[in-house]
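Next come the chains, spelled out residue by residue.
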Amino acid sequence: MGIAEDIRAKALELGFEGLGAVRLADADLAGYVVRVEERERKAPLGTGAYDFMRGLARPERRFPEARSLVVAVIDVSRYRIPEGTGGLIGRHYLFDSRRNPQSPDSRRITALTGFLGRLGLRCLHDEHPGIAPMRWAAWKAGLGLIRRNNFFYTGTGSWKQITAWAADRELELPGLQAPAPCPEDCGKCAEACPSGSLSGPYVMNMATCVSKLTYSPGPAGEGEIRRETGGWLYGCDVCQDVCPFNRGRRQGTEDFPGLAETAAKASPESILAMDLPEIKRELAGKFFYIGDESLHRWKLNALNVIANTRRADLSDLVRRSLSDPSPEVRLLAAKVLERLSEG
Ligand code: SF4
Ligand code: SF4
């Protein structure tokens, strides 16, 4: 068995769903940039908005010795979704191992990094944002494909976390059997997208995607209720939930460490009852896309969920937000009370 096969065998032993390796020269990262530019033409967002994606296509800038990408896939559909979080928090975020040393997957990644080192490989691993465009790298490493909703799928659906190392040696592995492509006439993901962000195959506008709206920096709705975010507090799974290739893969059986406690704090009512230092302590470490500078966004998101799901039973809590230190929260709380009083 060659070194690449040894790495794959170790990854499977550690509990990864799959592992692939592709030489940098074969990863066609220039092709990825072409796709990014196509998307930029179809969904323009202003100067520089796609630059971070282009930057991902140059792993050698951060690690000049890079010769290959070693890519591993973790199946997070094995985990049980805590009660009350389905439809509220995106599944990838619930089971995200990044910045979470308690996560079993974080330990798997650390163990595999150690194994690569013991094999004499010099590697760079970056958990966020990654050493390369992760979904593209996983596709090129033969682990699955990217579907029209832009998510990466193995033969067992899209509830995956992808992680990758740039390695200083040329490594290659034969790809796994490719899953069937999207059916010719299927457009369920774009049809179901609540904000119209996914306007066609592979075309997603980051400025209007619900997932991004719930955590991106910048104005959070200027005091208006965001109807398009529906019941989502952080993330959005709609275009994956409706996909036939995820059918029957909704609920796992393993408990993710610490998640039940965090989930209990992530309900709209808990969030409105917390002050910002508590939100920082209870939520910000795990759901890190909302940065410390915009923690009040949690309250705005909670208020949106309450308005969109018509939780009139929480009116008293919303009323208390009329004296919140944040003027944005006060303004939105007033709008939400108005909405709730309309029934
Ligand atoms: S994550 Fe939600 S809003 Fe974003 S493209 Fe998918 S369905 Fe649309
Ligand atoms: S819903 Fe249909 S078109 Fe969209 S990703 Fe799934 S199979 Fe492909």
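(A) Inspection of the environment of Gly84 at higher detail. Mapped onto the secondary structure, Gly84 falls in the loop between strand 2 (68–75) and helix 5 (91–94). Residue classification places Gly84 among the partly exposed residues on the basis of 13 C-beta atoms within 10 Å. Spatially, the C-alpha atom of Gly84 lies 28 Å from that of Ser323, the residues being 239 residues apart in sequence. Non-local contacts of Gly84, meaning those with residues more than four positions away in its chain, are made with Ala263 and Ser267.

(B) Inspection of the domain arrangement of the protein at higher detail. For the protein, the assigned domains read domain 1 (1–174 + 183–258) and domain 2 (267–343). Once you take the C-alpha centre of each, domain 1 and domain 2 turn out to be 29 Å apart. Listed as interface residues are 19 residues of domain 1 and, on the opposing side, 25 residues of domain 2. Of the residues in the side of domain 1 that touches domain 2, the class split is seven nonpolar, eight polar and four charged.

(C) Quick peek at unusual backbone geometry. Cis rather than trans, the peptide bond between His128 and Pro129 has omega equal to 10 degrees. Summarising the element assignment, Pro129 is placed in the loop between strand 3 (123–125) and helix 7 (134–140). Non-glycine residue Asp28 carries a positive phi angle of around 50 degrees. One can find Asp28 in the loop between strand 1 (18–23) and helix 2 (29–42). One non-glycine residue, Tyr202, lies in the positive phi region at around 65 degrees. Here Tyr202 is to be found in the loop between strand 7 (198–200) and strand 8 (203–204). Given 15 C-beta atoms within a 10 Å radius, Tyr202 is considered partly exposed.

Cut-offs applied
Sequence positions are assigned chain by chain, starting from 1 and proceeding in written order. Think of it this way: whatever chain is written first is A, whatever ligand is written first is 1, and the rest follow in order. The model is predicted, so local features are restricted to residues of pLDDT at least 70 and side-chain atom pairs to those at 80 or more, both for listing and for counting; the totals for chains, interfaces and linings are taken over all residues. Strands are runs of DSSP state E lasting at least 2 residues, helices are runs of H or I lasting at least 4, and numbering of each runs from the N terminus. Backbone-placed C-beta atoms define the burial measure: a residue is buried with 20 or more other C-beta atoms within 10 Å of its own, exposed with 12 or fewer, and partly exposed in between. By definition, residue pairs are in contact when their C-beta atoms, positioned from the backbone, come within 7 Å. Each domain's limits were defined by an automated method or a database of domain assignments. Basically, the charged four are Asp, Glu, Lys and Arg, the nonpolar ten are Ala, Val, Leu, Ile, Met, Phe, Trp, Tyr, Cys and Pro, and anything else, Gly included, counts as polar.

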